[in-house]
Amino acid sequence: MSAAFSTEVFEAKLLTPQLRLLSVSYPELRRGGGGRRNWYIYAHGATTMLAIGLVLNTLGIGLFCWAIFALAVYALPFFVALSIGITALQSGAGLIGALVLATAGGALTLLLGQVAFAVTRSLALRIAIATAFAIPAAVAGYHVVSAVSQIGVPSLAWREVFACLGAVCIGVTSWTRLMVLAETRPLEPGGVVENPS
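Residues numbered from 1 in each chain as written. Predicted model: local features only at pLDDT ≥ 70, side-chain atom pairs only at ≥ 80, totals over all residues. Heavy atoms only, no water.

**Q** In this structure, what is going on with the packing of aromatic side chains? I would like to understand it.
**A** Here the distance between the centres and the angle between the planes together describe a pair of aromatic rings. Applying the stated criterion across every chain, the model contains two aromatic pairs. Taking 6.3 Å as the distance between ring centres and 50 degrees as the angle between the ring planes, the aromatic pair formed by Phe78 and Phe79 counts as tilted. Both rings, one in Trp158 and one in Phe162, keep their centres 5.9 Å apart while their planes meet at 35 degrees; by these two values the pair is tilted. Taken together, the residues span about one helical turn, with Trp158 and Phe162 both in helix 7 (residues 156-181) at a distance of four residues. The ring of Phe117 has Arg126 lying over it, and the distance from NZ or CZ to the ring centre is 5.0 Å. (Phe/Tyr/Trp six-rings, centres within 6.5 Å; stacked < 30°, edge-to-face > 60°. Helix = DSSP H or I, 4+ residues; strand = E, 2+ residues; numbered from the N terminus. Lys NZ or Arg CZ within 6 Å of the ring centre and 35° of its normal.)

Printed below as a string of structure tokens:
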């Protein structure tokens, strides 16, 4: 009876999935016939997840870079709003009051900066306003690129190079976006530019 029991246990172990996978890996160990061999079972799930992961990582990094460049103009209003909000919160305005004051201060900073840039005719004043918007954007760009480059760049020197390039790119982007947003048109008393011919 013990010999029959050990034979049954041995046959049951041969039918376990681990041994069947081993027999597909090493065809010379496979005995018997019939059935279809599934060669794709080893890499099907891992390959699909790898492909989906690569696509989603690429889209995520692209979305992150787009958001950095799209929000570069708003670095100065954000810093102003953050400073006003923290000051209001520390002076006892409460959380809701600090949020309202911070939002109003940031929106007012952005509106006044764009209106001042659009209305002024002085080149020196325009450069000063654009610089006031570009410098905080460059600082924010430096820190964002520095933090992101720590993920994949082991060299400290190359991290600094990438961070400086990011600061320049995002500062220039902020400068040009401010110029595009506040593009001036010739002003006439009636609001219409007349054709002299």
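Let's pick the thread back up.
**Q** Please clarify how the nonpolar core should be interpreted in this entry.
**A** Generally speaking, soluble globular proteins have nonpolar side chains that are buried together. If you look at the biggest cluster of nonpolar residues, it comprises eight residues: Val73, Leu76, Leu110, Phe117, Ile129, Ala130, Phe133 and Leu178. Contributing elements (two or more residues each) for this core: helix 5 (94-119) and helix 6 (123-152). When residues in this core are grouped by element, the largest group, three residues, is from helix 6. Here Ala130 is in contact with Phe117, Trp175 and Leu178, once residues within four sequence places are set aside. (Core = buried A, V, L, I, M, F, W, Y, C linked by side-chain atoms within 4.5 Å. Buried < 20%, exposed > 50% of the residue type's maximum accessible area, 1.4 Å probe, protein only. Contact = heavy atoms within 4.5 Å.)

**Q** Is there a simple way to explain the environment of Thr87 in this structure?
**A** Along the chain, the position of Thr87 falls in helix 4 (residues 75-90). Considering only alpha carbons, one finds Thr87 and Leu101, 14 residues apart in sequence, at a separation of 9.8 Å. Of the polar contacts made by the side chain of Thr87, one reaches the backbone oxygen of Ser83; its length is 2.8 Å. (Polar contact = N/O pair within 3.5 Å; in protein donor to acceptor, adjacent residues only side chain to side chain.)

**Q** Sorry if this is basic, but what is going on with the confidence of the model for the protein chain here?
**A** Close inspection of predicted coordinates is inappropriate for parts of the model with low pLDDT. Looking at the protein chain as a whole, the pLDDT averages 77, with 69% of positions reaching at least 70. The secondary-structure element of the protein chain with the lowest mean pLDDT is helix 2 (residues 17-25), recorded at 49, while helix 4 shows the highest, at 92. Counting interchain partners and residues more than four positions distant, the pLDDT-below-50 stretch residues 18-23 has seven contacts. (pLDDT = per-residue confidence, 0-100.)

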